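Chain by chain, the residues run as shown.
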Amino acid sequence: MTRMLPEDEENANQEVFEPLTAEQVQQLRERQPLLSVWRVVGVQAVVGVLVALLAWWISGRQAVAYSAACGAFAVILPAALFARGLTSPVASVNAGAAVFGFFLWELVKIGLTLAILFAAPHWVKDLSWPAMLVGLVVTMKVYWLALGMRRVFYPTSPT
């Protein structure tokens, strides 16, 4: 049978929290750098261009390449606006503003993506929906690559 400790004995057994020193914080940041959202957007743009060129090379039709590029554009432009919104000085005023800003810019991102997808048939004559969806999905998968490819997405320290 487990014995419950009185509240004062329970608190005595807990470890004391000690804040990190400046040197410890610097070491932690070197081991675990912050993810650069602008690098993710940049790699998404490169991947989008590559997908469009590959679609053109495989199909030999400009409409298929434009369709794939439109799908990539439906990811890249909203992601860039999202990154801009999250890195603005207003978003870091306090925790409440940061959370509100995150949800606001995510809503803008989703709305802009849907608007681009609905406008795509008007922009691209003979739109290829499969090519557009391939461009959209492949460009969106860059987020998963960001988790695994630290050398590409995470900034290196000058030391």
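Residues numbered from 1 in each chain as written. Predicted model: local features only at pLDDT ≥ 70, side-chain atom pairs only at ≥ 80, totals over all residues. Heavy atoms only, no water.

Participant: Could you clarify how one ought to interpret the overall build of the protein chain in this entry?
Facilitator: Within the protein chain one finds eight helices and zero strands. Going from N to C terminus, the protein chain has its helices and strands arranged as α-α-α-α-α-α-α-α. In the protein chain, buried positions account for 29% of the 159 residues. Across the protein chain, the fraction of contacts at a sequence separation of at least 24, relative to all contacts at a separation of at least 6, is 75%. (Helix = DSSP H or I, 4+ residues; strand = E, 2+ residues; numbered from the N terminus. Buried < 20%, exposed > 50% of the residue type's maximum accessible area, 1.4 Å probe, protein only. Contact = heavy atoms within 4.5 Å.)

Participant: Honestly, the nonpolar core in this entry has me stumped. Any pointers?
Facilitator: A general feature of soluble globular proteins is that nonpolar side chains tend to end up buried together. Listed in full, the ten residues of the largest apolar core are Cys70, Ala74, Val75, Ile116, Leu117, Ala120, Val124, Leu127, Met132 and Leu136. Elements with a contribution of two residues or more to this core: helix H4 (62-86), helix H5 (95-123) and helix H6 (129-140). Dropping the residues within four chain positions of it, Val75 is found in contact with Gln44, Leu136, Thr139 and Met140. By size, the runner-up hydrophobic cluster in this structure holds nine residues, among which are Val40, Val64, Ala68 and Val142. (Core = buried A, V, L, I, M, F, W, Y, C linked by side-chain atoms within 4.5 Å.)

Participant: What is the right way to read the environment of Val108 from this model?
Facilitator: Of note, Val108 is situated in helix H5. By relative accessible area, Val108 is classed as partly exposed at 33%. In sequence terms Val108 and Gly85 are 23 residues apart; their C-alpha atoms lie 9.8 Å from each other.

Participant: Just checking my understanding: could you explain the layout of surface pockets for this structure?
Facilitator: To locate leftover empty space, one rolls a probe as large as a water molecule over the atoms. Here the largest pocket is characterised by a volume of approximately 300 Å³. Leu35, Val37, Val40, Phe82 and Tyr143 are the residues nearest the centre of the largest pocket, which is lined by 14 residues in total. Elements represented by at least two residues in the lining of the largest pocket include exactly helix H3 (37-59), H4 and helix H7 (142-148). When the residues that make up the lining of the largest pocket are grouped by side-chain class, the tally is twelve nonpolar, one polar and one charged. (1 Å grid on protein atoms, 1.4 Å probe; cavity = no way out; pocket = protein on both sides within 12 Å on 5 of 7 lines; lining within 4 Å. Points joined across faces, edges and corners; volume = space filled by probe spheres on them. Nonpolar A, V, L, I, M, F, W, Y, C, P; charged D, E, K, R; others polar.)

Participant: Would you take a moment to explain the pattern of salt bridges for this structure?
Facilitator: Pairing is possible between side chains that carry opposite charge, provided their charged atoms lie close to one another. Evaluated as defined, the whole model comprises one salt bridge. The partner of Lys109 in a salt bridge is Glu106, and the shortest N-O contact between them spans 3.8 Å. Here Lys109 pairs with Glu106, and both are found in helix H5, just three residues apart, close to one helical turn. Residue class for Lys109 comes out buried when judged on its relative accessible area of 16%. (Salt bridge = Lys/Arg side-chain N within 4 Å of Asp/Glu carboxyl O.)

Participant: Help me understand a nonpolar patch on the surface, please; the structure alone is not making it clear to me.
Facilitator: Where nonpolar side chains cluster on the molecular surface, the patch consists of Phe73, Leu77, Leu81, Phe100, Leu104, Val108 and Trp123 and spans about 630 Å² of accessible area. Put simply, the parts of the chain that give the nonpolar patch at least two residues each are H4 and H5. When residues in the nonpolar patch are grouped by element, the largest group, four residues, is from H5. Structurally, the position occupied by Leu104 is in helix H5. In this structure Leu104 comes out as partly exposed when scored by relative accessible area, which is 36%. (Patch = residues over 30% accessible without salt bridge, like charges linked within 9 Å, V, L, I, M, F, W, Y side chains within 5 Å. Areas by Shrake-Rupley, 256 points an atom, 1.4 Å probe, with all protein chains shown as cover.)

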